[in-house]
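# Architecture and fold: a report
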Amino acid sequence: FAAQRHVLTYMEDAVSQLLENREDISQYGIARFFTEYFNSVRQGTHILFREFSFVQATPHNRASFLRTFWRCFRTVGKNGGKFSGMNLLAAQEYHCLLQLLCPDFPMELTQKAARIVLMDDAMDCLMSFSDFLFAFQIQFYYSEFLESVAAIYQDLLAGKSPNTVIVPTSSSGQHRQRQPSNDCNPLDGVEASLFYQCLESLCDRSKYSCPSAALLKEILSSVQRLTFYEFLMALAKHPGINRTLGALPDKGDLFLDPAMDQEIEKLVAQVSGLSLSAPTGSSGDAANLPVRSMPRISSPWKPLHHRRKMDAESEGSNEETDSSEN
């Protein structure tokens, strides 16, 4: 159970965070720190603003990141207040959104997800939020699996019958997905039944997350031949894959999040009530508005370290400004 849930990964991270922020934590105790840390893991907020190596370290972390990305930026798909999903962005713009949650998120994964949507189109073409999100979901969550699938596809395309499955051993998560060689005709694709046999064997041997063999069979049994990116697009669009991962809602509910909407409405109501009830000056402006302290939102432990560093840099810059003025 401990291995399946990656308990050791979270214990090591918790201890590392404890040591790194011991000065702040000593004010209210270690027991409270561990309680809040594992509550954040359960809620899926523990991946906010963390390094990519941690974000992709476990399946739960990946699912949490996908859910957080959707909840934070689902309004990108709204157009004029309607859930039309017609607001379009380029791959570079989606990458900037990803970096708001994970500053060192690799551009390579964003480009791979965009390639699933765009296929033969130029990489600077625009994509809808829903198309990118579901393509990004399978590329990010099944990264190691797709690395091996790309290698198998290339061997089949070259006329080989691979007897061994290539399973990536890198822990960085930044894999170089192999593309079909130029001397082959990738437009013809590969035979779906042979492709499924290889993928079934891969799923049996792989130690990484894989789609179920039943879902793969369902996808591949509906066609005779297919290309690599046709297979990836089929994975991205399959509702069974999405429900198995459990990170995102169905496509029809993609722009709905009642819990988040309620929180936003509460904040808007508070701000609106403050503006309407506040007394105005004789000139009719809001100069006499009372100062109201906004509630502090608890942040993950990692940013505490960064905030101390930023404060130190800010103090240094103030000293330089003072000395320059003198």
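The shown structure was predicted, so the numbers you read here are calculated from the model rather than taken from an experiment. Here the residue index of a chain counts from 1 through its sequence in written order. At least 70 in pLDDT is required for a residue's local features to be given in this predicted model, at least 80 for side-chain atom pairs to be given and counted, and no such filter applies to totals for whole chains, interfaces and linings, which use all residues. Note: side-chain values were computed over all heavy atoms of the structure, leaving out hydrogens and water.

## Some remarks on the environment of V15
The condition that has to hold: In this description a helix means any DSSP run of H or I spanning at least four residues, a strand means any run of E spanning at least two, and both kinds are numbered starting from the N terminus.
Relative to the assigned elements, V15 resides in helix α1 (residues 7-20). When the C-alpha positions of V15 and F34 are compared, they lie 8.9 Å apart, and in sequence the two are 19 residues distant.

## Some remarks on the pattern of salt bridges
Note the threshold: By definition here, a salt bridge exists when the distance from a side-chain nitrogen of Lys or Arg to a carboxyl oxygen of Asp or Glu is within 4 Å. Burial classes follow relative accessibility: with a 1.4 Å probe on protein chains only, a residue under 20% of its type's maximum area counts as buried, one over 50% as exposed, and anything between as partly exposed.
In total, this model carries seven salt bridges according to the counting rule given. Among the salt bridges present, the one from R50 reaches D13, with a minimum N-O distance of 2.7 Å. Here the residue R50 occupies a position in the loop between α3 (30-43) and α4 (52-55), and D13 occupies one in helix α1, the gap between them amounting to 37 residues. Residue classification places R50 among the buried residues on the basis of a relative accessible area of 4%. Between R243 and D250 there is a salt bridge, with its nearest N and O atoms 3.5 Å apart.

## Some remarks on the packing of helix α11 (residues 213-220) against helix α12 (residues 228-237)
The criterion, for reference: Every axis in this analysis is a line fitted to C-alpha atoms, fitted for helices over the stretch in contact. Angles between the N-to-C directions lie between 0 and 180 degrees. Working definition: roughly parallel below 35 degrees, roughly antiparallel above 145 degrees, roughly perpendicular at 65 to 115 degrees, and oblique for all remaining angles. The crossing is said to be left-handed when, going from far helix to near helix, the turn is anticlockwise and less than a right angle, and right-handed when the turn is clockwise. Any pair of residues with heavy atoms lying within 4.5 Å of one another is described as a contacting pair. Residue polarity follows a fixed list, in which Ala, Val, Leu, Ile, Met, Phe, Trp, Tyr, Cys and Pro are nonpolar, Asp, Glu, Lys and Arg are charged, and the others, Gly among them, are polar.
Where α11 contacts α12, the axes come no closer than 11 Å and their chain directions differ by 120°. Viewed along their axes, α11 and α12 adopt a mutual orientation that is oblique. The handedness of the crossing between α11 and α12 comes out as right-handed. Packed against α11, whose contacting residues are L216, I219 and L220, the element α12 presents F231, A234 and L235 at the interface. A class-by-class count of the residues in the contact of α11 with α12 yields six nonpolar, no polar and no charged.

## Notes on the environment of L216
Residue placement: L216 occurs in helix α11. Accessibility expressed as a relative area gives 0% for L216, which makes it buried. With 16 residues separating them in the primary sequence, L216 and E200 have C-alpha atoms 8.1 Å apart. Excluding its chain neighbours within four sequence positions, the residues that come into contact with L216 are F145, Y196, L199, C203, P211, F231 and L235.

## Describing a nonpolar patch on the surface
Just so we agree on the cut-off: By definition, no residue in a patch forms a salt bridge, and every one has over 30% relative accessible area; like charges are joined within 9 Å, nonpolar side chains (Val, Leu, Ile, Met, Phe, Trp, Tyr) within 5 Å. A 1.4 Å probe and the Shrake-Rupley method give the accessible areas. Residues count as covered only by the protein chains that appear here.
Taken together, the side chains of V7, L8, M11, V15 and L19 define a hydrophobic patch exposed on the protein surface, amounting to about 420 Å² of accessible area. When you line up the elements, M11 lands in helix α1.

The quantities given are spatial measurements derived from coordinates; they are silent on function.
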